[in-house]
Amino acid sequence: MTVIPAPAWPPGNEQPKVLLHVLVQCSVDALWEDFFGSYPEIQAKLHKQRHDSNCAESPWVSQRSELPAQQFLWPAPPAGADPGSPAQGKCRKVRFEAAASLASKAFSSEEVQNILAYAPGSNYLVQAEVATSAMYGEQFTIISRTALLQRGPGQAQLHISYVVDFKPSLSRLLKPMVAKGVDGGIRGTFGMLKKLLQEQYSLKDLPDVAPAPNMPGAAAAAAAPAAPAAAAAFEAAPVPAFAPST
């Protein structure tokens, strides 16, 4: 299989943080559809539990320049529009609006999903870049990687990790507070997602310290934990209509 070079994690001094590392009793292709299919049911349930609104997905396209240029509130494709064909090297945008809560005002989130590896029946690797209008959202980008690997008949491994790429302009005093809020928010969302997966499949937790799934070439490098000098922290934005979002 041919793979494209995987981009390095943003520079920093922390390891990527693991959100999910589980063995799932289903095919790897079923997991792909649950995470990156066109408006998958499990993502719809997640958004409903979170009281999100205005969820939309752009079609898969070959060039980033073909994605909607507007941030957050670009027009949703009409019902029945062609979602495009996913393939290695393609990308799409996913967006939604999060309802206000006791902890925050309402905000918008947008995710650019980039397919780094696409081998149906074998493995997938997607990197997502999340932007948000939440407080201090202009000061960072959330980057997550979702690795899916077929482990045998009816068994697939799911590994999701993330970092936060902070802008230098964010105060050193604020950075720990923002990072903590981001981590708490995203872990809460992924906890909900895990419960939804458990309603559909049998799951077995794998150690967080275990390596990411063995994948071909550059895909393996992208999924594996980065060296301390090559990683960073992450934020509290929700999983996209993937994700994350994701």
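Predicted model only: the values in this text are computed from it and were never measured.

Rules and cut-offs
Residues numbered from 1 in each chain as written. Predicted model: local features only at pLDDT ≥ 70, side-chain atom pairs only at ≥ 80, totals over all residues. Heavy atoms only, no water. Salt bridge = Lys/Arg side-chain N within 4 Å of Asp/Glu carboxyl O. Helix = DSSP H or I, 4+ residues; strand = E, 2+ residues; numbered from the N terminus. Buried < 20%, exposed > 50% of the residue type's maximum accessible area, 1.4 Å probe, protein only. Phe/Tyr/Trp six-rings, centres within 6.5 Å; stacked < 30°, edge-to-face > 60°. Polar contact = N/O pair within 3.5 Å; in protein donor to acceptor, adjacent residues only side chain to side chain. Contact = heavy atoms within 4.5 Å.

## Here's the deal with the pattern of salt bridges
Phase 1: What the rule picks out here adds up to seven salt bridges.
Phase 2: In this structure, Glu41 and Lys45 form a salt bridge, with 3.6 Å as the shortest nitrogen-oxygen distance. Within this pair, Glu41 and its partner Lys45 are both found in helix α2 (residues 41-50), separated by four residues, close to a single helical turn.
Phase 3: On the basis of relative accessible area, Glu41 is assigned to the exposed category, the value being 56%.
Phase 4: Glu129 serves as the salt-bridge partner of Arg64, at 2.9 Å between the closest nitrogen and oxygen. Within this pair, whereas Arg64 is found in the loop between β2 (53-57) and β3 (91-98), its partner Glu129 is found in strand β5 (residues 123-132), the two being separated by 65 residues in sequence.
Phase 5: Judged by its relative accessible area of 45%, Arg64 falls in the partly exposed class.

## Here's the deal with the packing of aromatic side chains
Phase 1: Counted according to the given criterion, the structure contains seven aromatic pairs.
Phase 2: Centre to centre, the rings of Phe35 and Phe36 are 6.2 Å apart; their planes meet at 40°, and the pair counts as tilted. Like Phe35, the residue Phe36 is buried in the burial classification.
Phase 3: Ring plane angle 70° and centroid distance 5.2 Å describe the contact between Tyr118 and Tyr124, whose orientation is recorded as edge-to-face.

## Brief notes about the environment of Ile115
Phase 1: Note that Ile115 resides in strand β4 (residues 107-119).
Phase 2: Note: C-alpha distance between Ile115 and Leu125 (ten residues apart in sequence) is 6.1 Å.

## Here we look at the side chain of Glu110
Phase 1: Following the sequence through the fold, Glu110 ends up in strand β4.
Phase 2: Accessibility expressed as a relative area gives 7% for Glu110, which makes it buried.
Phase 3: Separated by 3.2 Å, the side chains of Glu110 and Lys93 make a polar contact.
Phase 4: Leaving out residues up to four positions away in the same chain, Glu110 has contacts with Gln70, Gln71, Phe72, Trp74, Lys93, Val94, Arg95, Glu129, Val130 and Ala131.

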